[in-house]
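Coordinate analysis (summary)
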Amino acid sequence: MNIALIGATGFVGSALLEELLQRGHRVTALARQPAKLTARPGLNVVQADALDAAQVADAVRGHDAVASAYNPGWTEPKIHDLFLQGTQAIIEGTQASGVPRLLIVGGAGSLYVAPGVQLVDTPEFPAEWKQGALAAREALNRVRQVASLDWTFISPPVFLAPGERTGRYQTGGDEVPMRDGKPAGISVADLAAAIVDELEQHKHSQARFTAYS
C-alpha cells in the first residue's frame with residue numbers, strides 16, 4: 001500500500017516506519033524537518049506541518065491510508081493543546097485530501113478500568129502524563145464524530161516500552177488489558193506490527209482497539 005505517515009521520527013512512529021518498510025509498503029513521511037529522516041528505498045519524505053490542515057491535505061493526497069503517530073512530545077509544556085490542534089488538522093486534512101482511511105495512535109488513558117471510569121481519571125494516574133492523556137482522550141472523542149472517514153484509533157496498553165519484535169500479541173477493545181492480574185504491556189515493535197496488521201487486514205473500522213502481549 002501507499003501509506004502517508006505522520007510522526008515518523010517519534011517513539012511509536014519510528015517503529016511503525018520500520019515495520020511498514022520491512023513489509024514492502026511505500027511510505028510518505030510528513031516532517032517539519034525532513035533532514036531528520038534518512039533516505040531509503042520505499043521512503044519518500046515531504047516537508048509538511050501536522051498542525052496545518054492544508055499542508056496535511058497536500059502531502060497525503062493520493063495515498064491509500066494515513067497513519068498518524070503524531071505527538072508533540074511528553075516534555076512539551078503545551079502538549080494538550082498541540083496534540084488536539086494536530087489531531088484536528090490531521091482529521092481535516094485527511095478529509096480534504098479524499099484519502100478514505102485514517103489510523104490514529106492515541107494513549108492508554110482513555111481505556112476503562114471499571115464501568116464509567118477511565119484510567120486517566122484515577123487518582124494513581126501519573127501527573128506528568130495527564131495532559132497528554134487527556135488530549136488523546138479528546139482526540140478519540142472527536143474522531144468518533146467523523147462519519148466521513150473510515151477511521152481506526154489504537155490505544156497502547158498501560159506499559160509500552162522498547163523491546164524485540166515477536167509478532168505475537170492479542171487485541172482488546174475499550175478496557176485496560178490485563179495479564180496475570182496486572183496491567184499488560186507490549187513492545188513498541190509489536191505495537192507497530194499490530195498497527196500494520198490493522199492497515200492490511202482492516203478489522204476495526206470506525207472503532208478503537210488495543211494490542212498487548
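Notes on the structure in this doc start here. Along each chain, residues carry numbers from 1 onward, in the same order as the chain's sequence is written. Owing to the predicted nature of the model, reporting of local features is limited to residues with pLDDT of at least 70; listing and counting of side-chain atom pairs is limited to 80 or more, with chain, interface and lining totals taken over all residues. To obtain the side-chain values, all non-hydrogen atoms of the structure were used and water was disregarded.

Some words on the sheet that holds strand 1 (residues 2-6)
At least two DSSP bridges between two strands are required for those strands to pair. Counting from the N terminus, the helices are DSSP H or I runs at least four residues long and the strands are E runs at least two residues long. Taken in spatial order, the 8 strands of this open sheet run 3-2-1-4-5-8-14-10, and their pairing is mixed. A strand with exactly one partner marks an edge of an open sheet, and here the two such strands are strand 3 (43-47) and strand 10 (170-172). The sheet shows a mean angle of 25° between the axes of neighbouring strands, direction not considered. One ladder, built from 4 bridges, connects strand 4 (residues 65-68) with strand 5 (residues 101-105); its direction is parallel. Pairing of V66 across the sheet is with L102, part of strand 5. Relative to the sheet, helix 3 (residues 79-97) contacts strand 1, strand 4 and strand 5, its axis offset from that of strand 5 by approximately 165°. Here a residue-residue contact requires only that any non-hydrogen atoms of the pair lie within 4.5 Å. In this description, a line fitted to the C-alpha atoms serves as the axis of each element, helices being fitted only across the stretch in contact, and the angle between N-to-C directions of two axes falls anywhere from 0 to 180 degrees. Where helix 4 (residues 127-143) meets the sheet, it contacts strand 5, strand 8 (150-155) and strand 14 (207-212), and its direction lies at approximately 160° from that of strand 8.

Description of unusual backbone geometry
In this structure, D180 takes a positive phi of about 55° despite not being glycine. Turning to its location among the elements, D180 is positioned in the loop between strand 11 (178-179) and strand 12 (182-183). Backbone geometry at Q206 places phi at a positive 50°, although glycine is not the residue there. Relative to the helices and strands, Q206 resides in the loop between helix 5 (188-201) and strand 14.

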